[in-house]
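Given next are the chains, with one letter for each unit.
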Amino acid sequence: MILAASAESRVSEGGKRLPLQVAMISLGCAKNLVDAEIMLGSVLKRGMRVASRAEDADVLVVNTCAFIDSAKEESIEAILEVHQQRGLNRRPNQKLIVSGCLSQRFANELRQSLPEVDAFIGLDQVDQLGQIIERVVAGIGDPGWIETNTTAAAIGDGGYNFVTQRPTYIPDYDTPRFRLTPTHSAYVKIAEGCNHPCSFCVIPQMRGKHRSRSPQSVLAEIRGLVSEGVREINLISQDTTYYGMDLWREKAGPRQPLDSTRGLTLAELLREIQKIEGEFWVRLLYTHPAHWSDELIETIAECKKVARYIDIPLQHIDDSVLGRMRRETARAHIENLIDKLRAGIPGVALRTTFIVGFPGETEAEFETLLDFIRQTRFERLGIFKYSQEEGSRAAKMPNQITAKITNARFRMAMSIQQQIAYEIAREKVGRELKLLVDQPHIARTEADAPDVDTRVVLSKAVPVGEFISRRITGSRGYDLLA
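Residues numbered from 1 in each chain as written. Predicted model: local features only at pLDDT ≥ 70, side-chain atom pairs only at ≥ 80, totals over all residues. Heavy atoms only, no water.

## Observations regarding the sheet that holds strand S18 (residues 456–457)
As summarised here, the arrangement of the 6 strands in space is S19-S16-S17-S18-S21-S20, forming an open sheet in which the pairing is mixed. In the strand order of this sheet, the two ends are held by strand S19 (467–471) and strand S20 (474–476), each with one partner. (Pairing = 2+ DSSP bridges. Helix = DSSP H or I, 4+ residues; strand = E, 2+ residues; numbered from the N terminus.)

Written out as structure tokens, the structure is:
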């Protein structure tokens, strides 16, 4: 995704001040997208406006992802491509700034390997991009700007480094944002960071400890979005179900079930969202199985504005693998939870993700996973190949699985889920479903999150952003026809 913005800075041949053009390339997940929106909001706050052509920019920002190796490679390629385009477009004075998870995690190393980059900013600087751009363009190196735990570069030392090592930033409802999503759909980040010890993941190292926004802040943002015509609110964080637990008087551990008698919880937040006037639905993304409780299930069932859609990454089902992953859950807990979700929330669609090729995964453990996929028949499922992440516990484990075996397991699991998805799609034919229109001929059901799930192809054009009711007339692969 590429956007551009402009700020007062340049001078034309006639002496008139012209806008300084700022463009952004944003990679990665929805959480990174919200960071990009905040960065652009800070740029606009400095008097900048959105421009249309990135190649005209005086400053290019690459907002990177570093979750797995393929994401890191994509981010590096994007940085190098931007630098190459500077030469091709004959813009030698164009500034290049790198933000996001890759910058947060590897800024010091990247300064050595990517001298083409003029500045690196981290997660604590997302709301300060406008100010940073002004300093980089002006060539101002003010030590007073840098906080005590920031390793700063002087001018000419291979790029500024504004990255703080332990992020603490969380956005507020009045944080300026320039939304990059369609006008009818938005992501609301309710917390930042993560407290889970998953052995394959380095997100806590990059994004810091879990820190929740206040319910007042979240509710104020949602009310504002609904008043603007947003019909879909996607609640996101690294662990949405842990929302509020970090604020409890007594510390809540990684296995703590949701319990509103002990303090603020996601269930309490959903009950307050339900009271907001307007026609919209709320979607829960990135929930952790360890925190689900009967209270949360009952709350969702009672709150009609909460979509009957649960995103609950499980990662595996074999107890031995789950133990090595340090997932804080066991197979019996997961199976019991799935039964409760389907019984307690009629019509719910479950989305999950699994990792294949985790260190030490035996053929028997993999077959256990395949049998579980066949039996459970998830409405939505993603398969990921294990990525050996530098700095993670799993990266140091013995018995790393070869790429050949991992690829074969990936194809096998995807084949099984593909057939299940086709069958589930065909089962919907003849049903009347509520749809949210994304494009004149494209819509989504309650069971489909934006960008990651299936869609409904409409036979007749409908105004974008509207809720409609349509009878499903057929299916085409994963997609439905109406």
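## Considerations on the pattern of salt bridges
It is possible for side chains of opposite charge to pair when their charged atoms get near one another. Enumeration over the complete set of coordinates arrives at 31 salt bridges. Notably, a salt bridge pairs Arg-105 with Glu-389, separated by 3.8 Å at the nearest N-O pair. Taken as a pair, Arg-105 in helix H3 (residues 101–113) and Glu-389 in the loop between strand S15 (380–385) and helix H12 (403–427) lie far apart in primary sequence, 284 residues in all. For Arg-105, a relative accessible area of 16% translates into the label buried. A salt bridge links Glu-192 to Arg-207; the nearest nitrogen and oxygen atoms lie 2.8 Å apart. With Glu-192 in strand S9 (residues 191–192) and Arg-207 in helix H5 (residues 203–207), this pair connects stretches of sequence that are 15 residues apart. A single burial state applies to Glu-192 and to Arg-207, both of which are buried. One network of salt bridges, in which partners are shared, links Asp-35, Lys-189, Glu-192 and Arg-207. (Salt bridge = Lys/Arg side-chain N within 4 Å of Asp/Glu carboxyl O. Buried < 20%, exposed > 50% of the residue type's maximum accessible area, 1.4 Å probe, protein only.)

## Comments concerning helix H11 (residues 363–376)
Residue pairs spaced three or four apart in an α-helix point in one direction, given the helix's 3.6 residues per turn. With 14 residues, H11 extends 20 Å between its outermost C-alpha atoms, agreeing within 8% with the 20 Å of an ideal straight helix rising 1.5 Å per residue. Three or more residues of H11 are buried, namely Glu-365, Phe-366, Leu-369, Leu-370, Phe-372, Ile-373 and Thr-376. Each buried residue of H11 sits inside an arc of 160° when the element is viewed along its axis, so together they form one side. Every exposed residue of H11 that faces more than 90 degrees away from the buried side is listed here: Ala-364 and Gln-375. Buried-residue contacts for H11 involve helix H9 (319–325), helix H10 (331–344), strand S14 (349–356), S15 and H12. Once H11 ends, the next one or two residues include Arg-377, with phi positive near 55°. (Expected span 1.5 Å × (residues − 1). Arc of directions from axis to C-beta. Contact = heavy atoms within 4.5 Å.)

## Re the sheet that holds S15
Read across the open sheet, the 6 strands follow the order S8-S11-S12-S13-S14-S15; overall the sheet is parallel. Each of the sheet's edge strands pairs with one partner strand only, and the pair in question is strand S8 (185–189) and S15. The sheet shows a mean angle of 20° between the axes of neighbouring strands, direction not considered. Pairing geometry for strand S11 (residues 232–236) and strand S12 (residues 281–284), over 4 bridges, is parallel. By the bridge assignment for S12, Ile-233 is matched with Val-282. This element, helix H7 (residues 266–274), spans S11, S12 and strand S13 (306–311) of the sheet and lies at about 165° to S12. Helix-sheet contacts for H11 involve S14 and S15, and the interaxial angle to S14 is about 165°. (Axes fitted to C-alpha atoms, helices over the stretch in contact; angles between N-to-C directions.)

## Examining helix H8 (residues 294–302)
Residues Leu-296, Ile-297, Thr-299 and Ile-300 constitute the buried set of H8. On an axial view of H8, the arc spanned by its buried residues comes to 160°, and they lie on one face. Where H8 is buried, its residues touch H7, S12, S13 and H10.

## Some words on empty space enclosed by the protein
Scanning the model with the defined rule gives 1 cavity of 30 Å³ or more in all. Lining the largest cavity are Asp-35, Leu-123, Val-126, Tyr-169, Pro-171, Lys-189, Glu-192, Arg-207 and Arg-211. (1 Å grid on protein atoms, 1.4 Å probe; cavity = no way out; pocket = protein on both sides within 12 Å on 5 of 7 lines; lining within 4 Å. Points joined across faces, edges and corners; volume = space filled by probe spheres on them.)

## Describing the nonpolar core
The nonpolar side chains of a soluble globular protein tend to be buried, and buried together. Core analysis: the largest hydrophobic core is formed by 60 residues, its most contacted members being Leu-235, Leu-266 and Leu-270. Setting aside chain neighbours within four positions, we find Leu-266 in contact with Ile-190, Leu-235, Thr-240, Thr-241, Tyr-243, Leu-258, Leu-284 and Leu-296. One finds Ala-78, Ala-107, Leu-110 and Phe-200 within the second-largest nonpolar core, a separate group that totals 35 residues. (Core = buried A, V, L, I, M, F, W, Y, C linked by side-chain atoms within 4.5 Å.)

## Quick word on the side chain of Lys-31
Note that Lys-31 resides in helix H1 (residues 30–45). Buried within the structure, Lys-31 lacks any salt-bridge partner; its nearest side chain of opposite charge belongs to Asp-311, at an N-O separation of 7.6 Å. With residues up to four places along the chain from it excluded, the contact list for Lys-31 reads Lys-189, Ile-236, Ser-237, Gln-238 and Tyr-286. (Lys, Arg positive; Asp, Glu negative; His and termini not counted.)

## Some details on the state of the cysteines
On inspection of all chains with the given rule, the structure shows 0 disulfides. Not engaged in a disulfide, the cysteine Cys-101 finds its nearest cysteine sulfur in Cys-65; these two sulfurs lie 6.0 Å apart. No disulfide involves Cys-201; its sulfur sits 6.1 Å from that of Cys-198, the nearest cysteine. The buried category is assigned to Cys-201, whose relative accessible area is 16%. (Disulfide = S-S within 2.5 Å.)

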